[in-house]
Amino acid sequence: MSAPDQVEHERFMRRAIELARQGWGLTHPNPMVGALIVESGQIVAEGFHAQDGGPHAERVALAALGRAPKPGAVLYVTLEPCSTAGRTGACCEAIRLAGLKRVVVGATDPNPDHAGRGFALLRDSGIEVIEGVLARECADLNLLFNHWIVHRSPLMAAKVGATLDGKIACRTGHSQWITNELARADVHRWRRLFPAIAVGAGTILKDDPRLTVRLPGAETWSPLRFVFDGRLRTVTDRHLPHVYTDEFHDRTIVVTTPHGGLGYVRKLREYGVQVWVIDSPNQRVPFAAFRDRCAQERITGVYFEGGMQLLSELVQERQLDYLFMYRAPMLLADEKAKTMFTGLRTEHLDQAIRLADVRHEIFGDDALMRGPVVYPPKLYVDEAVFSIG
């Protein structure tokens, strides 16, 4: 491919990515996909996948065109066209019937059973396929789908806002605000992507957060809101937390153990709050069992926002899949300030947990580093810390 062709392909693919993002948070468990048709160097039709069960992006773009594509027309699409009929028909067949002879694709289908099959079907039909244009950016659109389709379990991600020396609060617990408004607005954008958000009982008792999505120009929206409370500490007081009483309380799910007390479980359910009681030998909710329950409920991703103990336990149990790390340009330089993760005994750097395929973004003076979590062959857990419930 010549350099001018590459530049043109990337320009149109960036527009297809913009279209795909219009389905941000709306397509689960399906991926976000954008598509457009170009004739003589001009975009003549566009489309994106808007919701699960709705038409795929390629079909939306073809319908928007409203006629047969002209000779030489090119279809750009962010994800390999589907090769199986499903509920809406195979897009490879729709492309063939439309008479298109050239297709430019971003990411390959992550499903190991289907990866590359769409490309082969198109080529067998005499259609030229150019694949891998802005593949990394196109794949990044679908962090949740990519994990779900491969593992059939939710992407368990965590968000942390920290200082340069890795502190999330002063020794007094004061933490508002470490990160700036731009970074916090980006957190709300990611909240809107994930179908569920999660916090621990300590965060509920200390901050009484709303755990909703508040974006400029949009109505307040609530994902599913998980509260991890193995002892049901959050329902013993007369004053119930915001997430148990607001207009979205029916989207709150308290995750607890049999050690929390059936009386408190009944009380929550009387308030219209959902409760998941997960078997455990102690008062800690086992994350593997929680992950399995989410998979049964077709919840494709959970965005953990703290607190420190909950996130540390996620890491100790090797259940954290993805990390969003926001850093602010400040130092506390206090060994008694609150640290973001604890509980491991890391004596050598080859025992360290790392991020892969790292992406960086800047929000004013703050910076975001994010990527999949990669664990060493063995985690050395500090049993003295790990045993504290």
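Everything discussed here concerns the structure shown above.
Residues numbered from 1 in each chain as written. Predicted model: local features only at pLDDT ≥ 70, side-chain atom pairs only at ≥ 80, totals over all residues. Heavy atoms only, no water.

J.: Can you lay out helix 2 (residues 57-65) for me, pointing to particular residues and giving the numbers?
T.: Along helix 2, the residues that are buried comprise A57, E58, A61, L62 and L65. On an axial view of helix 2, the arc spanned by its buried residues comes to 135 degrees, and they lie on one face. For helix 2, the secondary structure elements touched by its buried residues are strand 1 (34-39), strand 2 (42-48), strand 3 (74-79) and helix 3 (91-98). Following helix 2 by one or two positions, G66 has its phi on the positive side, about 75 degrees. (Buried < 20%, exposed > 50% of the residue type's maximum accessible area, 1.4 Å probe, protein only. Helix = DSSP H or I, 4+ residues; strand = E, 2+ residues; numbered from the N terminus. Arc of directions from axis to C-beta. Contact = heavy atoms within 4.5 Å.)

J.: Which residues make up the nonpolar core, and what values do they have?
T.: W190, F194, Y244, Y303, F324 and Y326 are the most contacted members of the largest nonpolar core, which totals 72 residues. Setting aside chain neighbours within four positions, we find Y244 in contact with V227, T234, V235, H249, T252, V254, L268, Y271 and V273. (Core = buried A, V, L, I, M, F, W, Y, C linked by side-chain atoms within 4.5 Å.)

J.: An account of the sheet that holds strand 2 is needed here, citing residue identities and associated values.
T.: To summarise the sheet geometry, strands pair through backbone hydrogen bonds and adopt either a parallel or an antiparallel arrangement. The 5 strands lie next to each other as 2-1-3-4-5, forming an open sheet whose pairing is mixed. This sheet does not close on itself; its edge strands, each paired only once, are strand 2 and strand 5 (128-130). Averaged over all adjacent pairs, the angle separating strand axes in this sheet is 20 degrees, with direction ignored. For strand 1 and strand 2, the ladder comprises 6 bridges, and the chain directions are antiparallel. Bridging from a neighbouring strand, L36 pairs with E46 of strand 2. (Pairing = 2+ DSSP bridges. Axes fitted to C-alpha atoms, helices over the stretch in contact; angles between N-to-C directions.)

J.: Outline the pairing of strand 17 (residues 366-374), listing residues and values.
T.: Relative to strand 17, strand 13 (residues 322-327) runs antiparallel, the two being bridged by 6 bridges. From the neighbouring strand, F324 faces strand 17, where its bridge partner is R370. Bridging between strand 15 (residues 354-355) and strand 17 involves 2 bridges; their strand directions are antiparallel. Bridge pairing in strand 17 links L355 to V373. Note: strand 16 (residues 359-363) against strand 17, 5 bridges, orientation antiparallel. Following the sheet pairing, F363 is matched in strand 17 by D366. Hairpin geometry of strand 16 and strand 17 is characterised by an intervening segment of 2 residues between the two adjacent antiparallel strands and by a positive phi of about 65 degrees at G364.

J.: Mind laying out the pattern of salt bridges, listing which residues take part and the relevant values?
T.: The full count for this structure, using the stated rule, is 22 salt bridges. R15 is paired through a salt bridge with E18; the nearest N and O atoms lie 3.0 Å apart. Taken as a pair, R15 and E18 lie in helix 1 (residues 3-20) at a separation of 3 residues, close to a single helical turn. For the salt bridge of E305 with K159, the shortest nitrogen-to-oxygen distance reads 3.6 Å. Separated by 146 residues along the polypeptide, E305 in the loop between strand 12 (301-304) and helix 11 (308-316) and K159 in strand 6 (residues 155-162) bring together distant segments of the chain. Both residues of the pair, E305 and K159, count as buried. One continuous salt-bridge network, built from bridges that share partners, spans R136, D140, D357, R359, E361 and R370. (Salt bridge = Lys/Arg side-chain N within 4 Å of Asp/Glu carboxyl O.)

J.: Quick one: what's the story with the packing of aromatic side chains, residue by residue and with numbers?
T.: In the structure shown here, the tally under the stated rule is 16 aromatic pairs. Pairing W190 with F324 gives two aromatic rings, centres 4.7 Å apart and planes at 55 degrees, and the pair type is tilted. Pair noted here: W190 is in helix 7 (residues 181-193) and F324 is in strand 13, with a separation of 134 residues, a long-range link. For W190, a relative accessible area of 2% puts it in the buried group. Grouped by ring-pair contacts, the aromatic residues W24, W190, F194, Y303, Y322 and F324 constitute a single cluster. Sitting over the face of the ring of F12, R11 holds its NZ or CZ atom 4.3 Å from the ring centroid. (Phe/Tyr/Trp six-rings, centres within 6.5 Å; stacked < 30°, edge-to-face > 60°. Lys NZ or Arg CZ within 6 Å of the ring centre and 35° of its normal.)

J.: Let's hear about unusual backbone geometry: which residues, and what values?
T.: With an omega dihedral of 0 degrees, the bond running from H28 to P29 counts as a cis peptide bond. Here P29 shows up in the loop between helix 1 and strand 1. Despite not being glycine, R298 shows a phi value in the positive range, around 60 degrees. Tracing the chain through its elements places R298 in the loop between helix 10 (287-296) and strand 12. Exposure remark for R298: the relative accessible area of 51% places this residue in the exposed category. In the Ramachandran plot, A333 falls in the positive-phi region, its phi being about 50 degrees despite a non-glycine side chain.

J.: Lay out the environment of D113 with the relevant residues and their values.
T.: In this fold, D113 is placed in the loop between strand 4 (102-107) and helix 4 (117-124). Here D113 falls in the exposed class, since its relative accessible area comes to 64%. Here the alpha-carbon distance between D113 and P69, two residues 44 residues apart in the chain, equals 31 Å.

J.: Before we move on, can you summarise the side chain of D366 with the specific residues and values?
T.: Here D366 lies in strand 17. Buried D366, no salt bridge; nearest opposite-charge side chain is R184, N-O distance 6.7 Å. Separated by 2.7 Å, the side chain of D366 and the backbone nitrogen of N180 make a polar contact. Ignoring sequence-local partners within four residues, the contact set of D366 consists of T179, N180, A183, R327, A328, P329 and E361. (Lys, Arg positive; Asp, Glu negative; His and termini not counted. Polar contact = N/O pair within 3.5 Å; in protein donor to acceptor, adjacent residues only side chain to side chain.)

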